[in-house]
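Observations on the model geometry
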Amino acid sequence: MPDIRLSVNRRPRTLDVDPAMPLLWALRDHLGLFGTRFGCGTGTCGACTVHLGGQAVRSCVVPVSGAAGQEVTTIEGLSDRGTHPCQLAWLDEDVAQCGYCQPGMIMEAAALLARSSAPTDAEIDRVFTAHICRCGTYNRIRAAVHHAATLARRR
């Protein structure tokens, strides 16, 4: 197998894995980054969302070879101390119940805020329509995204 080189959370990494392996399993099984969650395996639930080149992607359907040469950011790499505006807003708004889907939700919110500094309810709803939260925390998620946008503008 060829070595696959990529950057994960701003650190160069080389993996000796099957190029077709989903990025999710490379992150979890080979790099020990367990914050990225397995949900459905088909890219429909959003639990495995990471940033690839700054864009939110479903890591369960991206082959690790598709990440070669790009920057991958996981929930562990979003900030050094858990101080990203989205992480802080999630705590302030008490979003999580079971918390299983929340890393993917936070990564999606961070990508949204990178594109739009003040997203509307409609923009937030459109982005999160493709995420599944079994606990139904969608109203708190929307509030947290607005709160995170405010925090980000203050920085």
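Only a predicted model underlies this, so the values are computations on that prediction, with no experimental measurement involved.

Interhelical geometry of helix H2 (residues 85–92) versus helix H3 (residues 102–115) gives an angle of 125° and a closest axis separation of 9 Å. In terms of axis orientation, H2 runs oblique to H3. Both H2 and H3 take part in a crossing whose hand is right-handed. Contacts between H2 and H3 pair Cys86, Gln87 and Trp90 from the former with Gln102, Met105, Ile106, Ala109, Ala110 and Leu113 from the latter.

Cys86, Trp90, Met105, Phe128, Ile141 and Val145 are the most contacted members of the largest nonpolar core, which totals 24 residues. Listed by contribution, the elements that provide at least two residues to this core are H2, H3, helix H4 (121–128) and helix H5 (138–154). For this core, the leading source of residues is H3, giving seven residues. Excluding residues that lie within four positions of it along the chain, Ile141 makes contacts with Trp90, Val95, Gln102, Met105 and Phe128.

In this section: the side chain of Thr74. Within the element layout of this structure, Thr74 appears in the loop between strand S5 (71–73) and H2. Judged by relative accessible area, Thr74 falls into the buried class, the value being 0%. Engagement of the side chain of Thr74 in a polar contact is seen with the side chain of Glu76, the distance being 2.7 Å. Here Thr74 is in contact with Val8, Asn9, Leu27, Leu33, Thr36, Val50 and Met107, once residues within four sequence places are set aside.

Its identity is not glycine, yet Asn9 carries a phi of approximately 55°, on the positive side. Of note in this structure, Arg10 is not a glycine but carries a positive phi near 70°. With respect to the helices and strands, Arg10 occurs in the loop between strand S1 (4–8) and strand S2 (11–15).

Here we take up helix H1 (residues 23–31). Listed as buried for H1 are Leu23, Leu24, Ala26, Leu27, Arg28 and Leu31. If you follow the buried residues of H1, they end up packed against S1, S2, strand S3 (49–52) and S5. Gly32, located one to two residues past H1, shows a positive phi value of around 70°.

Rules and cut-offs
- All residue numbers refer to position in the chain's written sequence, counted from 1.
- In keeping with the predicted nature of the model, local features appear solely for residues at pLDDT of at least 70, side-chain atom pairs appear and are counted solely at 80 or more, and the whole-chain, interface and lining totals rest on all residues.
- Each side-chain value is derived from all of the structure's non-hydrogen atoms; neither hydrogens nor water enter the calculation.
- To define axes, lines are fitted to C-alpha atoms, for helices over the stretch in contact only, and angles between the resulting N-to-C directions are given on a 0 to 180 degree scale.
- Helical segments are the DSSP runs of H or I of at least four residues, strand segments are the runs of E of at least two, and each set is numbered from the N terminus.
- When an angle is under 35 degrees it counts as roughly parallel; over 145 it counts as roughly antiparallel; between 65 and 115 it counts as roughly perpendicular; any other value is oblique.
- By convention, the crossing between two helices is left-handed when the near helix turns anticlockwise from the far helix through less than a right angle, and right-handed when the turn is clockwise.
- The contact definition used throughout considers only heavy atoms, calling two residues in contact when any of these lie within 4.5 Å.
- Remark: nonpolar core denotes a set of buried residues (Ala, Val, Leu, Ile, Met, Phe, Trp, Tyr, Cys) joined through side-chain atoms within 4.5 Å.
- Per-residue accessibility, obtained with a 1.4 Å probe over protein chains only, is compared with the maximum for each type, and a residue is labelled buried under 20%, exposed over 50%, and partly exposed between these values.
- We call two N or O atoms a polar contact when they sit within 3.5 Å, provided that within protein one can donate a hydrogen and the other can accept it, with sequence-adjacent residues counted only if both atoms are side-chain atoms.

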